[in-house]
Each structure stands twice: as C-alpha cells, then as structure tokens.
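Examining the three-dimensional arrangement
As a plain string of letters, each chain reads:
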Amino acid sequence: MEFVKSNIFLYGLIAPAFILTLLFKYVPMYGVIIAFKDFSYSKGILGSDWVGFKYFEKFLNAPNFELIFMNTLKLSAYGLLLGFPIPILLALMLNQVRREGVKKNVQLILYAPNFISVVVIVGMAFVFLSPIGPVNQIITWATGHPIVFMSDPDYFRSIYVLSGIWQGAGWASIIYVAALAGVDPELHNAATIDGANLLKRIWHIDLPTIKPVMAIVFILSAGGIMAIGFEKAFLMQTAMNLPTSEILPTYVYKVGLKAGDYSYSAAIGLFNSIINIILLVFVNFVVKKLNEGEGLY
Amino acid sequence: MNIKPTRMDKVVLTINYVLLYLAVLVILVPLVYVVIASFMEPTALLNKGISFNLSDYSLEGYKLILSNEAMLRGFVNAVFYSSAFAFLTVAVSIFAGYSLSVDEFVGKKFFMTVFVFTMFFGGGLIPTFLVIKQLGMLNTVWAIIVPGAVSVWNIILARTFFKGIPRELNEAAKVDGASEMLIFFRIVLPLSKPIIFVLALYAFVGQWNSYFDAMIYLDNVKLYPLQLVLRSILVQNQIDPGMITDRTAMAEMKRLSEIIKYASIVISSLPLIVMYPFFQKYFEKGVMVGSLKS
C-alpha cells in the first residue's frame, strides 16, 4: 500500500512533462499524416482525403528540388567538415595551458559568443559586411571597390559556416575539455620518460581519451546534417542569395506558413526528417565499426 | 613528479599559446568593435570608421534606442517571456527528472522511452503549428512559453543530478516515517539549487535569444519580444521612422541607421553580458553533468 502511495506522488510529478510531450510532440507526429492527405480546414486532419505519395512525388519532380536538396547537403557538409575538428583542436590547446587563471579567462572569452542571439550574430554579419561596413572599408581601401557579401550567393555558405564557428566552436570545446580532465597525469609522465615528445603524447594519450566523446558528437552532428538551423539561414536570406541559401527548412516554412500549402509543406518536412534518421543510423553504424563497437546506441 | 619540458616541447607550447591567443583575438575584436562603434558620433563612424578622437564620440545611438517604444516594449516582453519560460521549464524538468531518478518508480522505463523518442523524430513545423492553432494559442503568450517548456535534454540533466544525491538520505527519512512528497520538498529540493540554477539560466538565455516561435505564432506587434524588434532593425533594415525625430528623411536615416544597429546590439546583449561572468562555473557544471553520464 505504501508503495502505491509513493508512486502516485511520482506520477503526479511526471504528469506535466508527460502531458506537454504528448500534446506538443506526439500529437504533431500524428499530424504528419496530412503529408499523405489533401488537408482542408473544414474537413480536419481525419476527414481530409488520402492522396498517398502525391506530395512527395510533386516535390521530387519539382524543378527546384535538386537545388534545394543540394544546398541543404552542401551547407551542412561544409559546416560539419569545419565545425567538427575546430572544437577538438581548441580543447587540446586549452588542455596545455597550465596556469588555471589564464585558462579560465581564455575559456570565458571563447564561450561568450555562444550566448549571443542568432539575430544579433546575423545582424553583426550584416553591419560588418555591409558595403559601408568596416570589412569593406578595408577592402575598398585595398582594391578600390567593395564586395557586396550578403547578397552574393557565392559568399552565403562561407558566411554561414564561419560565423557559426565564430559563435559556437568555443562552447563546443567544453565537452572535450571535460573529457580531457580525466587523463591521468602519470600516463604523460611515464610517456615522457620513455622519450615521447609533447605532440606524440597528445596523439597517443589525449586523443584516444576523447575518442568516445568525438564519436558521439560526430554521430549527433552528422545525423542532423539535413536539420541545419532554419533560424539562421532564414535571417541571412536575401532575394539575391537564394540560389545558395534556399534550403529544405526555409522552403518548408515558405510553402507551408507563407503560401498555406500545408500538406505539401508537411511532406517536404517529413522527407527531411526521414533523411535525418537514415543518416543517423548509417553514421552510427560506420562509427561503431571504426570505434571498437562504441556508438551512440 | 614533474618532468622538465624539452626544447622541442617548448616550441610546441609556444605555438600553442600563439594560436590560442589568436583565437581569443578573433572573438574579441568584433565584440569590442561593436561596443566602440556604438558610442561613436554617426557621421564620424560613417566617414572615418573607428577613431580614437574624443570629439567623434556621442551617445546619440543610445538616445535613439532608449526613446524607441518598440524597443522598450520588446525588452519588457522579453524579460517576461524569459522569466515565465524559465520558471515553467525548471518546474517541469525538476519534477520529471526526480521521478525518473527514483529506482522504485514503476513505469520509469516507459516514460523515459516516450521522452527520448522525441529526440529522434518530430512532427515538424506545419503539424506543430496546426496543434498550436487548434488549441487557440495563436497570438497569445502561451504559444511562446508553454510548448517549448518540456525538453528531453533538461529532464535527463535533472535526472542525472538527482541520481547523484545519496539514496541513504531518502532511506533514513523513510525510516523516520516521511512520505515521498515530504522527502521531495523538504530534503531533495533544498539540495537542488545548483541544477535549478543551471536549468533556469539555460532556459532564460534560450528564450531571451529566440525569435522564431514569436515570428510564427504572434501577429500582434505589441507582444513582440526584443529579438523580433531587433530583427527588423538589424536584418530587415527597417528603422522605425519614429526613432528619428527630425524628419530630414533618407540622408538622416542612412546616417543614423548604422549607429542604431550597433547600439541595439549592445543593449540587447547587456543583460547576458552582466550575468555572464557570475554564472560561468554553473554552466560548465551543467554541461559536464549532462555530457559525462548520459
């Protein structure tokens, strides 16, 4: 009896989280079926007519499908390629700083941009890179004419990825710094006596220590390869840079909420999620093979 | 035992420091530039860029920002949304995290699976929007603070923290005849200040910096949080004409728009900048709790 009583209280504690999850996570999952229907308000989700894969086919045959799909892929791959190693390097470098005070201050500065909003980050990119901004003042002084960065499709990806690294790399290194704190200093001492120099010790002691963490971070970021941030891409979009800046999430927004084509938009969104899940499973499989059976699951 | 570094190691260490300080500079220079630029006289900034001549400085940017109604209302709204959101998030996560940390809790596995599954699959933008709409939450404060309040990550963070509290405390209290409820409120909660603090901080900052939910769920300009107001100034380049009092039109607009942007960046980041150094040890703790165990 006592057991039931105590559990009732625990059910009460978990209830808010459970109800909110059902309402705002699971009900929308059920709502995904509108991707297979011709959704109309008057008929509701259940009452609308089934149309099968009509909207998926429509998207796959759309003239801009390849462009948007490749844009999403390229932007993510670029971000992953640069964004994955840099935090690891930062952590390894921070780990060599022996004076605690210096280390704390450097970390304090490196983490700071993570707390700036994406609106402000993009806003800073706009003011810094504007034709009359500081970067162009230097470029104009050197070459005579400014570069119109924000409306040039050739620069979109680099601005997106590099500003992302500027903002996030320091913060992303925190997890590796934590893992490196677990390295036994005796290992380093023993290796030094055996004649290993610093670089060798980093390679043979520090890197293997953080390998499991690296694997997990890699799986998670690779699994999200198509799920790149809507928020930033949307803010950075201008009519001129659309050839490279239109990606699946921004397209879903435009088709769905702007144009009101709910079913078509939901289909594109579902297409995006499915690719994500496939990538996650695939990358986890590969990493498991390479990482002595250590994967995310 | 400490072994002297070799000459080769010293070279590597020096390069290490140089690169690290370079990274620090890359972060600091743009930030410092924004702050200095925000204090400059608009014409001087436009013509000369950053200068170190005292007469080129003015508070004009801040005067314009602080007299702007949309900006102030956005600020007040953001404070309200962020506080309410943080309160709700902390309550939901702490409650759920605690129950999931109790070994004897029947159904623990089931609830955990329900939560974790949402990390991998979601309904997406349109179905979620339709739910919010059906619930009549469009254009209300609820759409901003309720749907995002439950986060799997936070629940796991809280659960991990509670698992770290020795169970002997609970056992002892139980022997003394305390109910699970009494134990939670009298013993566990007072010990939970660090995790409450971490979760509240994350939630507050997250909400303070977000614009997307407000953009899709709110139509009423009066409800806009700061980031949406900032978006129109910084990104869409829509400087509210009311901001510029003497109406010398375009030329004046252009002259002032840059300075308004810099000043608004500083003002909007101010609360976080002030909080930031005090909280460093807490957010590191939070990340570590989350990363090492789960």
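It should be emphasised that the depicted structure is a prediction, and the values quoted were computed from it without experimental measurement.

Now for the overall build of chain B. Of regular secondary structure, chain B possesses 14 helices and zero strands. N-terminal to C-terminal, the α/β element order of chain B is α-α-α-α-α-α-α-α-α-α-α-α-α-α. In terms of overall size, chain B is more extended than a compact globule, its C-alpha atoms giving a radius of gyration of 25 Å where 294 residues would be expected to give roughly 19 Å. The C-alpha extent of chain B, read off along each of the three principal axes, is 75 × 70 × 35 Å.

So, about the overall build of chain A. Helix and strand counts for chain A stand at 16 helices and two strands. Compactness check: chain A gives a C-alpha radius of gyration of 24 Å against a globular reference of 19 Å for 297 residues, more than 25% above the reference. Among the 297 residues that make up chain A, the fraction classed as buried is 51%. Counting every atom, chain A has about 13,800 Å² of accessible surface; 70% of that belongs to carbon and sulfur. Seen as two clouds, the 20 positive and the 17 negative side-chain charges of chain A have centres 2 Å apart.

Our focus in this paragraph is the packing of helix 16 (residues 262–290) of chain A against helix 6 (residues 125–134) of chain B. With their axes 9 Å apart at the nearest point, helix 16 of chain A and helix 6 of chain B run at an angle of 130° to one another. In terms of orientation, helix 16 of chain A lies oblique with respect to helix 6 of chain B. Residue-level inspection shows Y262(A), S265(A) and A266(A) of helix 16 of chain A in contact with helix 6 of chain B, the latter providing I126(B), P127(B), F129(B), L130(B) and K133(B). Taken together, the residues of the contact of helix 16 of chain A with helix 6 of chain B break down into six nonpolar, one polar and one charged.

On to the nonpolar core. Counting 190 residues, the largest nonpolar core has I210(A), Y98(B) and M215(B) as its most contacted members. The leading source of residues in this core is helix 4 (residues 69–101) of chain B, at twelve residues. The contacts of I210(A), once residues within four sequence positions are left out, are I88(A), L92(A), Y176(A), A179(A) and L180(A).

Here we take up the environment of D176(B). Relative to the assigned elements, D176(B) resides in the loop between helix 9 (167–175) and helix 10 (180–191). Since its relative accessible area comes to 68%, D176(B) is described here as exposed.

We now examine the pattern of salt bridges. Residue and element names in this part refer to chain A. Applying the stated rule across the entire model yields eight salt bridges over all chains. Here D261 and K58 are joined by a salt bridge, their closest N and O atoms 3.7 Å apart. Separated by 203 residues along the polypeptide, D261 in the loop between helix 15 (248–258) and helix 16 and K58 in helix 3 (residues 54–60) bring together distant segments of the chain. Judged by relative accessible area, which is 39%, K58 ranks as partly exposed.

All names here are of chain B. Within the UniProt annotation, "transmembrane region" (unreviewed entry) is assigned to residues 12–36, 78–98, 110–130, 142–162, 183–205 and 259–279. Taken end to end, residues 78–98 has its terminal C-alpha atoms 29 Å apart, with 100% of it in helix and 0% in strand. With 100% helix and 0% strand, the stretch residues 259–279 has end C-alpha atoms that lie 30 Å from each other.

For the rest of this paragraph, the subject is the interface of chain A and chain B. Listed per partner, the contact involves 85 residues of chain A and 92 residues of chain B. Here chain A packs against chain B, burying approximately 8,100 Å² in sum over the two surfaces, 79% of which is carbon and sulfur. The tally of links between chain A and chain B comes to one salt bridge. A salt bridge links D9(B) to R201(A), with the shortest nitrogen-to-oxygen separation between them at 2.9 Å. The greatest single-element share of the side of chain A that touches chain B, amounting to 21 residues, is contributed by helix 1 (residues 2–31) of chain A. Split into classes, the residues belonging to the side of chain A that touches chain B amount to 64 nonpolar, 16 polar and five charged.

Here we come to helix 6 of chain B. The element helix 6 of chain B is extensively covered by neighbouring structure, given that seven of its ten residues are classed as buried. Those residues of helix 6 of chain B not exposed but buried are I126(B), P127(B), T128(B), F129(B), L130(B), V131(B) and I132(B).

Going through the model one piece at a time under the given rule, you end up with 46 aromatic pairs over all chains. A ring pair is formed by F149(A) and Y155(A), whose centres lie 4.9 Å apart and whose planes are at 70°; its orientation type is edge-to-face. The exposure class assigned to F149(A) is buried, which follows from its relative accessible area of 10%. Looking at Y155(A), the relative accessible area reads 29%, which means it is partly exposed. Every member of this aromatic cluster is reached through a ring pair, and the members are F9(A), F95(B), Y98(B), F161(B), F162(B), F184(B) and F185(B). One residue, K37(A), lies across the ring of W50(A), its end atom 4.5 Å from the ring centre. One residue, K232(A), lies across the ring of Y160(A), its end atom 4.6 Å from the ring centre.

Before going further, it helps to examine the packing of helix 7 (residues 118–129) of chain A against helix 9 (residues 153–172) of chain A. All names here are of chain A. Here helix 7 crosses helix 9 at 120°, and the two axes come no closer than 11 Å. In this view, helix 7 runs oblique relative to helix 9, as classed from their interaxial angle. At the point where helix 7 passes helix 9, the crossing takes the right-handed sense. Judged by residue contacts, I121, M124, A125 and L129 of helix 7 engage I159, S163, W166 and Q167 from helix 9.

Locating S101(B) in the fold gives a position in helix 4. When residues no more than four places from it in sequence are discounted, the contact partners of S101(B) are R159(B), F162(B) and K163(B).

Turning our attention to the confidence of the model for chain B. Segments scoring low in pLDDT should not have their predicted coordinates read at a detailed level. Residues and elements named next belong to chain B. Looking at chain B, pLDDT values average 86 and 90% of them are 70 or higher. Ranking the elements of chain B by mean pLDDT puts helix 14 (residues 249–293) last with 74 and helix 7 (residues 142–145) first with 96. Here the prediction assigns the complex a pTM of 0.88, and the interface score ipTM is 0.86.

Turning our attention to the environment of P243(A). With respect to the helices and strands, P243(A) occurs in helix 14 (residues 242–245). As for P243(A) and P185(A), which are separated by 58 residues in sequence, their C-alpha atoms are 52 Å apart.

Rules used in this analysis
- Residues numbered from 1 in each chain as written.
- Chains lettered and ligands numbered in written order.
- Predicted model: local features only at pLDDT ≥ 70, side-chain atom pairs only at ≥ 80, totals over all residues.
- Heavy atoms only, no water.
- Helix = DSSP H or I, 4+ residues; strand = E, 2+ residues; numbered from the N terminus.
- Rg over C-alpha atoms; globule rule 2.2 N^0.38 Å.
- Buried < 20%, exposed > 50% of the residue type's maximum accessible area, 1.4 Å probe, protein only.
- Areas by Shrake-Rupley, 256 points an atom, 1.4 Å probe, with all protein chains shown as cover.
- Lys, Arg positive; Asp, Glu negative; His and termini not counted.
- Charge placed at Lys NZ, Arg CZ, Asp CG, Glu CD.
- Axes fitted to C-alpha atoms, helices over the stretch in contact; angles between N-to-C directions.
- Parallel < 35°, antiparallel > 145°, perpendicular 65-115°, else oblique.
- Contact = heavy atoms within 4.5 Å.
- Nonpolar A, V, L, I, M, F, W, Y, C, P; charged D, E, K, R; others polar.
- Core = buried A, V, L, I, M, F, W, Y, C linked by side-chain atoms within 4.5 Å.
- Salt bridge = Lys/Arg side-chain N within 4 Å of Asp/Glu carboxyl O.
- UniProt positions renumbered as here; feature names shortened; annotations may be inferred.
- Buried area = accessible area lost by both parts, 1.4 Å probe.
- Phe/Tyr/Trp six-rings, centres within 6.5 Å; stacked < 30°, edge-to-face > 60°.
- Lys NZ or Arg CZ within 6 Å of the ring centre and 35° of its normal.
- Left-handed = near helix turned anticlockwise from the far one by under 90°.
- pLDDT = per-residue confidence, 0-100.

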